[in-house]
Number of protein chains: 2
Amino acid sequence: MRGVFLEKIKRNERLSAMARILTDAPNRIHTLGEFCERFGAAKSTVSEDVDTLSQAFARFEMGEVATVAGAAGGVRFRPLLSKAAAARVLEDLAARLCEPGRVLPGGFLYTSDVTSESDTAQRIGEILAVEYYDRQPNLVLTMETKGIPIALMTARALGVPLVIARRDSRAYEGSAVKINYVGGGDRIETMALARRAVKPGQRALIIDDFMKGGGTLQGMVEMMQEFQAEVVGVGVMIATKAPQKKLVEGAKSLLVLEDFDQESHVAKVAVSPEYQL
Amino acid sequence: MRGVFLEKIKRNERLSAMARILTDAPNRIHTLGEFCERFGAAKSTVSEDVDTLSQAFARFEMGEVATVAGAAGGVRFRPLLSKAAAARVLEDLAARLCEPGRVLPGGFLYTSDVTSESDTAQRIGEILAVEYYDRQPNLVLTMETKGIPIALMTARALGVPLVIARRDSRAYEGSAVKINYVGGGDRIETMALARRAVKPGQRALIIDDFMKGGGTLQGMVEMMQEFQAEVVGVGVMIATKAPQKKLVEGAKSLLVLEDFDQESHVAKVAVSPEYQL
């Protein structure tokens, strides 16, 4: 009996540890052999554990644990939120962005406090990532500064590196590609990216926090052309309803900034139709 | 027998899900009641599960699952790396920063590719956080841009929000406090922070990627004084050996940039003595 009891404890501990390892590195493939070695367990045992994790995560809507076949195969976790869970997160987010006092002079919305919360940024990143697993990006590109937290968390969910374009080429980034683009209010702005940051043929997912005209995003698209990289998607947390025609094509947005009330200092933010329940 | 089997599966699934919930929100307290409700389990059952998780995480050096007593008590996960695990991470990091081609004109080191990897940033953030759990910061402060990924991951490990100081007060952040500080090469630089970002009496942990003279960090200390916030610590990923006397006091650094070879374009980076095995 004692033996059986110990064995059971061991399985529970192994499952707890495997849950931690898989969820800590989303979308990265771990071989079964890696787990066998770490836990001194047989392949069949680890396989059973993977099934248990997969069931548990499915039942509690915590994401997907999947077995990937083939030579480079193994087990992989993706933090796939259910449609209902994503809608709940986005409804909460929209409600927070409608709080009084967030509307700033010039038609801007104060969102930094929300996007800089690591758990909120993580949820937003996970919801954005869902759209792009199939496009298999090699990197996430964003433009400094406010979009960095959600772009980093999108990159985390996809298991790829983040690349940050700068307003200026700084000495500490080495030789850089510099382009001009049309920013807010039709101003000509500058964007710089370290030459070594992106390689030809890489697949870039462009992520930012906010889209009004889409000029900055289009600037990033053009930057990727300079690097001969392919843009596999453009996603933002929130896009303004007007202008309807954006400079960048096909951008996905989680939220819509529909209107402002300059007097009451309240914004009207809604969940984008495709994310509503 | 069938009943027992089902019960066992259920426990395994519950453990997997609890591991995910706890590790996904480091340093946040979850009440036992929260788990009882979610899993339809008795308090004694959930308590046992917490013990199992705690043992598993301790055995595999994955962090600490602890029970916090008192009215606001519950269960909490902290990604505490063992001294050996932290040393391994930092040795790998130092080795990467010694790769040829990272030394840039002006004595800068290219580190953006490393710090923008979400998993690397997360490990650095977790190692930095260990030093400051006891100081109970309410927020992590950094200055744009390169330090943001590791600062966000430090904030994640500590379960507190990130606050980002800007070079410029931008229209979309509202009214801001602006200060001057002595930056690299004794230049006077500007730092701005949204007025609403920090409240009087809050406890700030200052995190950045790089420290040479310490001017930017000292600027952030002065910025916190403007907000009547208390600085509970200053931590960076890498500090230059020279000058030995920094403008900011008591900063902790994970790595030391000892020297440069401008000709071979190789930096000499070592793990800080206190993090060596």
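This write-up is about the structure you can find in this document. As the structure is a prediction and not an experimental result, all values here were calculated from the model.

Rules and cut-offs
- Residues numbered from 1 in each chain as written.
- Chains lettered and ligands numbered in written order.
- Predicted model: local features only at pLDDT ≥ 70, side-chain atom pairs only at ≥ 80, totals over all residues.
- Heavy atoms only, no water.
- Pairing = 2+ DSSP bridges.
- Helix = DSSP H or I, 4+ residues; strand = E, 2+ residues; numbered from the N terminus.
- Axes fitted to C-alpha atoms, helices over the stretch in contact; angles between N-to-C directions.
- Core = buried A, V, L, I, M, F, W, Y, C linked by side-chain atoms within 4.5 Å.
- Buried < 20%, exposed > 50% of the residue type's maximum accessible area, 1.4 Å probe, protein only.
- Contact = heavy atoms within 4.5 Å.
- Patch = residues over 30% accessible without salt bridge, like charges linked within 9 Å, V, L, I, M, F, W, Y side chains within 5 Å.
- Areas by Shrake-Rupley, 256 points an atom, 1.4 Å probe, with all protein chains shown as cover.
- Salt bridge = Lys/Arg side-chain N within 4 Å of Asp/Glu carboxyl O.
- Buried area = accessible area lost by both parts, 1.4 Å probe.
- Polar contact = N/O pair within 3.5 Å; in protein donor to acceptor, adjacent residues only side chain to side chain.
- Expected span 1.5 Å × (residues − 1).
- Arc of directions from axis to C-beta.
- Least-squares fit on C-alpha atoms with pLDDT ≥ 70 in both.
- Parallel < 35°, antiparallel > 145°, perpendicular 65-115°, else oblique.
- Nonpolar A, V, L, I, M, F, W, Y, C, P; charged D, E, K, R; others polar.
- Phe/Tyr/Trp six-rings, centres within 6.5 Å; stacked < 30°, edge-to-face > 60°.

1. Some remarks on the sheet that holds strand 11 (residues 252-261) of chain A
Residues and elements named next belong to chain A. One open sheet accounts for six strands, arranged 6-5-9-10-11-12; its pairing is mixed. Edge positions in the open sheet fall to strand 6 (162-165) and strand 12 (266-271), since each of these has one partner strand only. Taken pair by pair, the neighbouring strands of this sheet meet at an average axis angle of 25°, ignoring direction. For strand 5 (residues 139-143) and strand 9 (residues 203-211), the ladder comprises three bridges, and the chain directions are parallel. Each residue of the ladder has a partner; that of leucine 141, found in strand 9, is isoleucine 206.

2. Looking at the sheet that holds strand 11 (residues 252-261) of chain B
Residue and element names in this part refer to chain B. Here six strands make up an open sheet; going across it, the order is 6-5-9-10-11-12 and the pairing mixed. At either end of the open sheet lies a strand with only one pairing partner, and these are strand 6 (162-165) and strand 12 (266-271). Across this sheet, the average inter-strand angle for adjacent strands is 25°, counted without regard to direction. Alignment of strand 9 (residues 203-211) against strand 10 (residues 230-240), held across eight bridges, turns out to be parallel.

3. So, the nonpolar core
Soluble globular proteins tend to bury their nonpolar side chains together. Ranked by internal contacts, the top residues of the largest apolar core, which has 83 residues, are Val140(A), Leu255(A), Val269(A), Val140(B), Ile238(B), Leu255(B) and Val269(B). Filtering out sequence-adjacent residues up to four positions away, Leu255(A) remains in contact with Leu90(A), Leu93(A), Ala94(A), Leu97(A), Met237(A), Ile238(A), Ala239(A), Val269(A), Ala270(A), Val271(A) and Ser272(A). Ranked by size, the runner-up nonpolar core spans 42 residues in total, among them Ala19(A), Leu53(A), Leu22(B) and Phe57(B).

4. Overview of a nonpolar patch on the surface
Residue and element names in this part refer to chain A. Side chains of Val182, Ile188 and Leu247 sit close together on the surface and give an oily, nonpolar patch of about 280 Å² of accessible area. You can see valine 182 is positioned in strand 7 (residues 176-182). Residue classification places valine 182 among the partly exposed residues on the basis of a relative accessible area of 35%.

5. Here's the deal with the interface of chain B and chain A
A common measure of how large an interface is: the accessible area buried when the components associate. Facing 63 residues of chain B, the contacting portion of chain A comprises 62 residues. When the two sides are added together, the surface that chain B and chain A hide from each other amounts to roughly 5,600 Å², 56% of it contributed by carbon and sulfur. A per-residue breakdown of the area chain B buries against chain A is headed by Glu13(B), Arg20(B) and Tyr172(B), which together make up 13% of the total. Two residues, Asp24(A) and Arg123(B), come together in a salt bridge whose shortest N-O distance is 2.5 Å. Here chain B and chain A share 20 residue pairs in polar contact (both at pLDDT 80 or more) between them.

6. Concerning helix 3 (residues 43-59) of chain A
Residues and elements named next belong to chain A. End to end, helix 3 covers 24 Å across 17 residues, agreeing with the expected 24 Å (1.5 Å per residue, within 8%). Buried within helix 3 are the following residues: Val46, Asp49, Val50, Thr52, Leu53, Ala56 and Phe57. Seen from one end, helix 3 has its buried residues packed into an arc of 165°, which puts them on one side. Facing away from the buried surface of helix 3 by more than 90 degrees, the exposed residues are Ser44, Ala58 and Arg59.

7. A closer look at the relation of the copies chain B and chain A
Take chain B, turn it by 180°, move it 0.0 Å along the axis, and it overlays chain A with an RMSD of 0.0 Å. When the rotation and shift are considered jointly, the pair of chain copies conforms to a two-fold rotation axis. Minimal C-alpha distance to the rotation axis in chain B is attained by Ser16(B), lying at 2.7 Å. A symmetric contact is evident, with 98% of the interface residues of chain B recurring at the interface of chain A.

8. What about the packing of helix 7 (residues 148-158) of chain A against helix 7 (residues 148-158) of chain B?
Between two packed helices, both the angle of their axes relative to each other and the distance between the axes serve to describe the pair. Where helix 7 of chain A contacts helix 7 of chain B, the axes come no closer than 10 Å and their chain directions differ by 75°. The orientation of helix 7 of chain A relative to helix 7 of chain B falls into the category roughly perpendicular. Touching Ile148(A), Pro149(A), Leu152(A), Met153(A) and Arg156(A) of helix 7 of chain A are Ile148(B), Pro149(B), Leu152(B), Met153(B) and Arg156(B), all from helix 7 of chain B. Of the residues belonging to the contact of helix 7 of chain A with helix 7 of chain B, the class tally is eight nonpolar, no polar and two charged.

9. A look at unusual backbone geometry
Residue and element names in this part refer to chain A. Cis geometry marks the peptide bond from alanine 242 to proline 243; its omega dihedral reads -5°. Looking at the element boundaries, proline 243 is found in the loop between strand 10 (230-240) and strand 11. A positive phi angle is found at glutamine 136, which is not glycine, with a value near 45°. Along the chain, the position of glutamine 136 falls in the loop between helix 6 (118-130) and strand 5.

10. Some remarks on the pairing of strand 8 (residues 188-194) of chain A
A regular strand places its side chains so that they alternate between the two faces of the sheet. Among the seven residues that make up strand 8 of chain A, five are buried, leaving the element largely enclosed by the rest of the structure. Hairpin geometry of strand 7 of chain A and strand 8 of chain A is characterised by an intervening segment of five residues between the two adjacent antiparallel strands and by a positive phi of about 65° at Gly185(A).

11. A look at the packing of aromatic side chains
Residue and element names in this part refer to chain A. Tallied over the full model, the rule gives six aromatic pairs over all chains. Ring geometry for phenylalanine 57 against phenylalanine 77: centres 5.6 Å apart, planes inclined by 85°, an arrangement best described as edge-to-face. Taken as a pair, phenylalanine 57 in helix 3 and phenylalanine 77 in strand 2 (residues 74-78) lie far apart in primary sequence, 20 residues in all. Judged by relative accessible area, which is 1%, phenylalanine 57 ranks as buried.

12. Structural notes on the side chain of Arg166(B)
Here Arg166(B) is to be found in the loop between strand 6 and strand 7 (176-182). Looking at Arg166(B), its side chain comes within polar contact range of the side chain of Glu173(B), at 3.3 Å. Excluding its chain neighbours within four sequence positions, the residues that come into contact with Arg166(B) are Thr145(A), Lys146(A), Arg167(A), Met143(B), Glu144(B), Tyr172(B), Glu173(B), Thr190(B), Met191(B) and Ala192(B).

13. Some thoughts on helix 8 (residues 215-226) of chain A
Residues and elements named next belong to chain A. Between its first and last C-alpha atoms helix 8 spans 16 Å; for 12 residues at 1.5 Å apiece the expected length is 16 Å, and the two agree. Along helix 8, the positions that sit buried rather than exposed are Gly215, Leu217, Gly219, Met220, Val221, Met223 and Met224. One or two residues past the end of helix 8 sits glutamine 228, with phi positive at roughly 55°.

14. Focus: the side chain of Glu144(A)
Residues and elements named next belong to chain A. Along the polypeptide, glutamate 144 turns up in the loop between strand 5 and helix 7. On the basis of relative accessibility, which here comes to 6%, the residue glutamate 144 falls in the buried class. Within polar-contact distance, the side chain of glutamate 144 engages the side chain of arginine 166 at 3.1 Å. One polar contact links the side chain of glutamate 144 to the main-chain amide nitrogen of arginine 167, over a distance of 2.7 Å.

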